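These are the residues of each chain, in order.
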Amino acid sequence: MPTKPLANGLRRIGAGTIRAVSRMGFAARFFVAVLYHSPAALRRIPLTLREVYFAGVLSLVVIIVSGVFVGMVLGLQGYDTLNLYGAGDSLGLFVGLSLVRELGPVVAGLLFASRAGSAITAEIGLMKTTEQLSAMEMMAVDPLARIVAPRFWGGVISMPLLAALFSVMGVFGAYVVGVRLIGVDSGTFWGNMQAGIEFRPDVTNSIIKSVVFGVAVSLIAVFEGYDAKPTAEGVSAATTRTVVEGSLAILALDFILTVFMFRGVGDV
Amino acid sequence: MTNAIELDDVSFGYDRRRPVLKGITMSIPRGQVVAIMGGSGCGKTTILRLIGGQLRQQHGQVKVDGASVRDLGREELYALRRRIGMLFQFGALFTDMTVFENIAFPMREHTDLSDALIRDLVLMKLHAVGLRGAAQLKPSELSGGMARRVALARAVALDPMLVLYDEPFAGLDPISLGVVGQLIRRLNDALGITSVIVTHDVYESLKIVDYLYFVSEGRIIAQGTPDEVRNSADPFVRQFVDGEADGPVPFHYPARSYAEELAAGAN
Amino acid sequence: MNRSAIDLWVGIFVTIGIGAIVFLALKVGNLASLDSKPSYHLEASFTNIGGLKLRAPVRAAGVIVGRVESVKLDTTTYEARVTMRIDNDYKFSKDTIAAVLTSGLLGEVYIGLEIGGDPQMLADNGRITKTQSALVLEKLISQFLFDKVSSGPGQ
């Protein structure tokens, strides 16, 4: 019967859609619950500080090293391409704009999702598997307030700082390659960058982007951990989902934000 | 004097098609140690979760200290839980804290006691389970038996009126097993609490409990004091006490008949 | 890892993170420049502004003195009306000439101001009357081909 595979296929699409929508709804309700429990959690600052340490401080090395390398590559490739049009002097502007508007928040966000996000998911998932969350509930302590909210806010606080640091390290890397190695004039490098990059549209939008990415990745990370199947495979699958969904969310949100932020800025 | 826990015709299922509990009725008097026994997956842990309010039954009534757990609001439920200690299957110690912090955790969360007082209380609880020397160790550095004892100290940290034990004997060597069993009995009598033990370890239970319930496929099929159980002629109880592989609890998971299934494969 | 060590590391982390944002704002994004300084507005109309963009620099003798704030088409004269924001430190005479210029062949388009001799200075919302529009390459070439230009293209 030729209609049977078709009907089955449609049924599978339907079931998948329903599952996806119900998960999104569940995640949204979870988000509201986390926000509801946040004031109580934030009143106990040490809890959140500890998570800033795990999400932020422990991501410093990877952010700094990748920032410098991305900046150096941008410096090399950018200079070669710009020089084709005799515009090698604009290297500072090219590097600065690329990093501030896009690469800083996006690459830092992707690194954050795989470094800190996966760790958060694995930690909460393991706490669930070993019944630590259940135990907490039975001690009349809400795990949303005690475990989830501090991790969420630790991520939200760390992400913009990491993104800014990534951009600065990238500019530094490009400076090393462009000015020290290739020999672009230092004054031209900084001058062009400053002339072309404005605080309000460029730097503030960059910070807004990184905050949005921080919220998205942290939410996905705590949700996946909390929602993980309490088995070894469940936790490993949830960790993978955090990295995949977190990265996709960053790229999709980046497109949406860029459309709203930068479309029309350069035009009359 | 009312009973600490009363279950009246309680039914529960995670979904409509697969009921886990089918009309459980039991009453647990104050100050006693009561065991709920049964094979794996028979719904005995579910009973504990109903008592603790982590699950809500579809039918019947669960009363703890006279209050119907299902009808409690969030605040009332949390107030009730503060008076219940629970020992989880593998301890469920917080792995990111030291032993000391694990036991101090419920005190810090629910009281405004000074650090000095909390320290004294924690050391007292640890002394009671014989692990005062392990205060600064991490849970990962403990043996299974030690972890269980620390979890026991944490369960009684707030001097509860009721302690629930989910498989306190699982995966312990015979010595640790005896130690944990004696601790449960001693803490129960010294602190004047009520204890409910969910377990499948019949020998250890018979040594320490006042009363036993046997649960199979969601129903209570036998009950009695340890002496009654030892002398029982009930085939299920006999199978459980003597540890026979087949009996009223079948060895085989429900399936078509063996011959039928082999014949089906041949076609 | 004890409390005070965590506090210390988080403190270091937050400090360098905020330092990075400040660096982006000041050194990369040039926040301290014109945007925040007191300024006044000048207006000028051009028949053609070429590739002039918002926030393009306004230069006098090559020094940036302000930025283009808005560009509109005046529907009565069909000229482009450009509003510039000029740093309060710089005043220009009433007969100043404004021109749409390009730095290099592919460089940025900016407005160049050339000061005149009038002792009276332009006030806020003042209007620059003498303007020179952008040179459009196609027009230049056609003019050159039809030999209607007496000398080479100047400014």
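Residues numbered from 1 in each chain as written. Chains lettered and ligands numbered in written order. Predicted model: local features only at pLDDT ≥ 70, side-chain atom pairs only at ≥ 80, totals over all residues. Heavy atoms only, no water.

1. Looking at the overall build of chain B
- Of regular secondary structure, chain B possesses 10 helices and 10 strands.
- Here the C-alpha atoms of chain B give a radius of gyration of 20 Å, agreeing with the 18 Å that 2.2 N^0.38 yields for 267 residues.
- Once the C-alpha set of chain B is aligned to its principal axes, its extents read approximately 75 × 40 × 40 Å.
- Counting the 267 residues in chain B, one finds 50% classified as buried.
- The contacts in chain B between residues at least 6 apart in sequence include a share of 63% that link residues at least 24 apart.
- Of the accessible surface of chain B, which amounts to about 12,900 Å², a share of 52% is contributed by carbon and sulfur atoms.
- The centroid of the 29 positive side-chain charges in chain B is displaced by 4 Å from the centroid of its 32 negative side-chain charges. (Helix = DSSP H or I, 4+ residues; strand = E, 2+ residues; numbered from the N terminus. Rg over C-alpha atoms; globule rule 2.2 N^0.38 Å. Buried < 20%, exposed > 50% of the residue type's maximum accessible area, 1.4 Å probe, protein only. Contact = heavy atoms within 4.5 Å. Areas by Shrake-Rupley, 256 points an atom, 1.4 Å probe, with all protein chains shown as cover. Lys, Arg positive; Asp, Glu negative; His and termini not counted. Charge placed at Lys NZ, Arg CZ, Asp CG, Glu CD.)

2. Examining the domain arrangement of chain C
- In terms of domains, chain C is made up of domain 1 (1–32) and domain 2 (34–145).
- Computed over C-alpha atoms, the centres of domain 1 of chain C and domain 2 of chain C are 40 Å apart. (Domains from an automatic or database assignment.)

3. Quick notes on the interface of chain B and chain A
- With 23 residues of chain B in contact, the opposing surface of chain A contributes 18 residues.
- Regarding the contact of chain B and chain A, the summed buried area is about 1,800 Å², with carbon and sulfur atoms giving 55% of it.
- Where chain B meets chain A, there are five salt bridges.
- Secondary structure elements with two or more residues in the side of chain B that touches chain A: α2 (74–81), β6 (84–87) and α3 (99–110) of chain B. (Buried area = accessible area lost by both parts, 1.4 Å probe. Salt bridge = Lys/Arg side-chain N within 4 Å of Asp/Glu carboxyl O.)

4. Points about the side chain of B:Ser216
Residue and element names in this part refer to chain B.
- By the secondary structure assignment, Ser-216 is in strand β9 (residues 211–216).
- Given the relative accessible area of 18%, Ser-216 is considered buried.
- With residues up to four places along the chain from it excluded, the contact list for Ser-216 reads Cys-42, Ile-221 and Phe-236.

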